[in-house]
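# Analysis of the macromolecular model
One-letter residues, chain by chain:
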Amino acid sequence: MSRTSTVIAGNWKMYKTTCEAKTFVESLAPLIKKSQATVYLAVPFTAIDQTVQVVKELGAPITIGAQNMNDAAEGAFTGEIAARMLKDVGAGFVILGHSERRQIFNETSAFINKKVKRALKDSLQPILCIGETLAQHESGETESVLKGQLQGSLEGVTSEELSKMIIAYEPVWAIGTGKVAHPDDAEKAHAFVRSVLAEAWGKEVADHIVIQYGGSVKPENAVDLIRQPNIDGLLVGGASLSADTFSKIINGLLA
Ligand code: PGA
């Protein structure tokens with residue numbers, strides 16, 4: 001497998017005002033100057049515009065994105081946001097199917113599939129999240145859950161479209177719990193995800209697609225995870241809220 005680039009993405013969830021976001025980027029930019037990783041930051045909708053401007057002004061190598069969107073191009077959907085609107089303020093990517101969306105907001109793979117297709121159509125790169133719950137993990141259902149989520153969320157997506165995406169494996173039991181997956185177990189899940197992609201969309205796209213690990217990533221465990229051959233990047237929640245901690249994860253990968 002030839003790894004294209006290590007993609008480290010921060011997911012701020014519902015944290016940070018525009019002012020806090022600006023301060024964060026100003027602090028992070030000088031700290032990651034030497035990094036060879038590709039750095040993404042999924043910020044709240046309200047902070048996208050300004051964060052994009054600050055990144056531009058500083059010439060910082062950070063791509064700003066969103067954490068969710070609606071599947072429609074536009075329309076009477078009070079409170080929703082469209083891919084075109086996210087692109088309009090400079091978003092380069094969108095996280096779709098995060099477990100918090102699946103669990104708290106009851107998003108199904110069929111619905112996520114519509115969003116994936118819309119994002120692709122409107123030229124916004126999707127980061128598709130998949131992952132098993134603790135109960136599914138303990139009852140040995142991890143692989144069947146991952147396969148089902150991939151098939152459901154990617155139905156009708158072509159190999160060419162898939163090649164533009166990122167997949168994030170995030171075991172639900174590891175998100176925000178401090179319980180990171182053992183690198184060997186994460187590697188096993190990543191290799192399985194890659195094999196499912198290869199089977200359905202071809203070896204070429206499966207070999208090159210970035211598969212991120214997410215769930216309690218910290219500076220202390222990031223290096224052991226990224227060393228695994230099938231882990232091509234990290235999706236970082238809590239530890240991406242501090243510029244100092246996030247930069248340690250990004251720069252630690254250089255060592
Ligand atoms: P965490 O979150 O790093 O705080 O566990 C990861 C995520 O939800 O993407």
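Heads up: these notes are all about the structure in this document. (Residues numbered from 1 in each chain as written. Predicted model: local features only at pLDDT ≥ 70, side-chain atom pairs only at ≥ 80, totals over all residues. Heavy atoms only, no water.)

### Some details on the overall build of the protein
Helix and strand counts for the protein stand at twelve helices and eight strands. For 255 residues, the compact-globule estimate of 2.2 N^0.38 gives 18 Å, and the C-alpha radius of gyration of the protein, at 17 Å, lies within 12% of that figure. Judged by the C-alpha coordinates and their principal axes, the protein covers about 50 × 45 × 35 Å. Sorting the 255 residues of the protein into buried and exposed places 52% on the buried side. Long-range contacts, defined as pairs at least 24 residues apart, comprise 74% of the intrachain contacts of the protein with a sequence gap of at least 6. (Helix = DSSP H or I, 4+ residues; strand = E, 2+ residues; numbered from the N terminus. Rg over C-alpha atoms; globule rule 2.2 N^0.38 Å. Buried < 20%, exposed > 50% of the residue type's maximum accessible area, 1.4 Å probe, protein only. Contact = heavy atoms within 4.5 Å.)

### Structural notes on the pattern of salt bridges
Where charged atoms of side chains with opposite charge meet at close range, the side chains can pair. Overall, the coordinates contain eleven salt bridges when judged by the stated rule. Overlapping salt bridges, with partners in common, bring together R101, E107 and K115 in one network. (Salt bridge = Lys/Arg side-chain N within 4 Å of Asp/Glu carboxyl O.)

### Considering the nonpolar core
Core analysis: the biggest nonpolar cluster contains 69 residues, and I62, L154, L162, I167, L197, Y213 and L234 have the highest contact counts within it. Leave out the neighbours within four places in its chain, and I62 touches V25, L28, I32, V39, L41 and V55. Formed by twelve residues, the second largest nonpolar core is a distinct cluster that contains Y40, I95, C129 and V210. (Core = buried A, V, L, I, M, F, W, Y, C linked by side-chain atoms within 4.5 Å.)

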